[in-house]
Amino acid sequence: MQAYAGTDIGCVRTMNQDGYFCSTTPIGPFPNLFIVADGMGGHQAGDYASRYAIETFLDYIRHTENRNLIRVMDEGIAEANRKVLEKSFENEELAGMGTTMVVAFAEDGQLYVANVGDSRLYLIGHEINQVTEDHSYVAAMMRAGELTEEQARNHPEKNVITRAIGVAWEVKADFFEVELKKDDHILICTDGLTNMVEDEEICSIILRDASIEERAGLLVKTANDNGGKDNITVMI
């Protein structure tokens, strides 16, 4: 397995509130581990939330004796949620902060994914498939048949998320399991990419004959060329 991750502040924001962790080697009980988080909150709160959530999750899994990896993911996310929320109460400048979180690992030809928020994981073979489901107001309206995909893309409340790490004492992650085939690509990204680049173009870039670093860089460049309205994080 090859992996590469990169992040960019974009063209509009003054601070990068995204965070990520990328390891193809074992960490804690996991054979590999991939995390992307997109923080929210004023001042430095979003920046702090995404990084603190990842740090807390990593600290938890390094010390757990549990070897049920799905349960460890769930417990690690719950611990990150609790710590981020506690920190927001302790420090007035961090009040109201929160973060999305996608956590994934691969083992024995299967990919296991946990998701909170609207950052995404895609599985790309000959075509692109979004594995995660967005926890957002607009996505809920789409699932209910109240908005088309085109209406959702330009909706004024597109960035309102309905579930996040650090905003309530209880958080529920969604879990997904998908079978991996030879030459499949996995993309984990924040909405700074998906709000700026259509899925079909993302797929075209991922399937190019180029190095993994070049493809990640081209995804970021395309998002910026299209306006770069948010921080952009990509992990392939």
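A brief structural summary. (Residues numbered from 1 in each chain as written. Predicted model: local features only at pLDDT ≥ 70, side-chain atom pairs only at ≥ 80, totals over all residues. Heavy atoms only, no water.)

### Quick look at the overall build of the protein
Then, number 1: Helix and strand counts for the protein come out as 7 helices and 11 strands.
Then, number 2: For the protein, whose C-alpha radius of gyration is 17 Å, the value lies close to the compact-globule estimate of 18 Å for 236 residues.
Then, number 3: Dimensions of the protein, computed from C-alpha atoms along their principal axes, come out at roughly 45 × 40 × 35 Å.
Then, number 4: Across the 236 residues in the protein, those meeting the buried criterion constitute 52%.
Then, number 5: Restricting the contact set of the protein to residue pairs at least 6 apart, pairs at least 24 apart contribute 66%. (Helix = DSSP H or I, 4+ residues; strand = E, 2+ residues; numbered from the N terminus. Rg over C-alpha atoms; globule rule 2.2 N^0.38 Å. Buried < 20%, exposed > 50% of the residue type's maximum accessible area, 1.4 Å probe, protein only. Contact = heavy atoms within 4.5 Å.)

### As for the packing of aromatic side chains
Then, number 1: A complete count under the given rule lists 4 aromatic pairs for this structure.
Then, number 2: Centroid distance Tyr48 to Tyr52: 5.2 Å. Interplanar angle 35°. Geometry classified as tilted. Here Tyr48 pairs with Tyr52, and both are found in helix α1 (residues 45-63), just 4 residues apart, close to one helical turn.
Then, number 3: Given a relative accessible area of 16%, Tyr52 falls into the buried group.
Then, number 4: The interplanar angle of 20° and the centroid separation of 5.0 Å between the aromatic rings of Phe105 and Tyr112 together place this pair among those described as stacked. Comparing Phe105 with Tyr112, the two get one shared label, buried. (Phe/Tyr/Trp six-rings, centres within 6.5 Å; stacked < 30°, edge-to-face > 60°.)

### Section: the sheet that holds strand β11 (residues 232-235)
Then, number 1: Strand order in the open sheet made by the 5 strands is β1-β11-β10-β7-β8, with antiparallel pairing throughout. Among the strands making up the open sheet, the edge pair consists of β1 (5-8) and β8 (128-130). On average, adjacent strands in this sheet sit at an angle of 20° to one another, irrespective of strand direction.
Then, number 2: With 5 bridges connecting them, strand β7 (residues 120-124) and strand β10 (residues 185-189) associate as antiparallel partners. Residue Ile124 lies in a different strand from β10, and its bridge partner there is His185.
Then, number 3: In the packing of helix α7 (residues 212-225) onto the sheet, contacts are made with β1, β10 and β11, and the angle to β11 comes to roughly 155°. (Pairing = 2+ DSSP bridges. Axes fitted to C-alpha atoms, helices over the stretch in contact; angles between N-to-C directions.)

### Describing the environment of Asn81
Then, number 1: Counting through the fold element by element, Asn81 comes out in helix α2 (residues 69-90).
Then, number 2: Taking C-alpha positions, Asn81 is 7.9 Å from Ala168, a pair spaced 87 residues apart along the chain.
Then, number 3: Not counting residues up to four positions away in its chain, the partners in contact with Asn81 are Ala164, Ile165, Gly166, Val167, Ala168, Trp169, Glu170 and Val171.

### Topic: the packing of helix α6 (residues 199-206) against α7
Then, number 1: It is the contact of α6 with α7, at a shortest axis distance of 9 Å, that shows an interaxial angle of 150°. When the interaxial angle is binned, α6 and α7 end up roughly antiparallel. Crossing angle aside, the handedness with which α6 passes α7 is right-handed. Here Glu201, Ile202, Ile205 and Ile206 of α6 come into contact with α7, specifically with Arg215, Leu218, Leu219 and Thr222. (Parallel < 35°, antiparallel > 145°, perpendicular 65-115°, else oblique. Left-handed = near helix turned anticlockwise from the far one by under 90°.)

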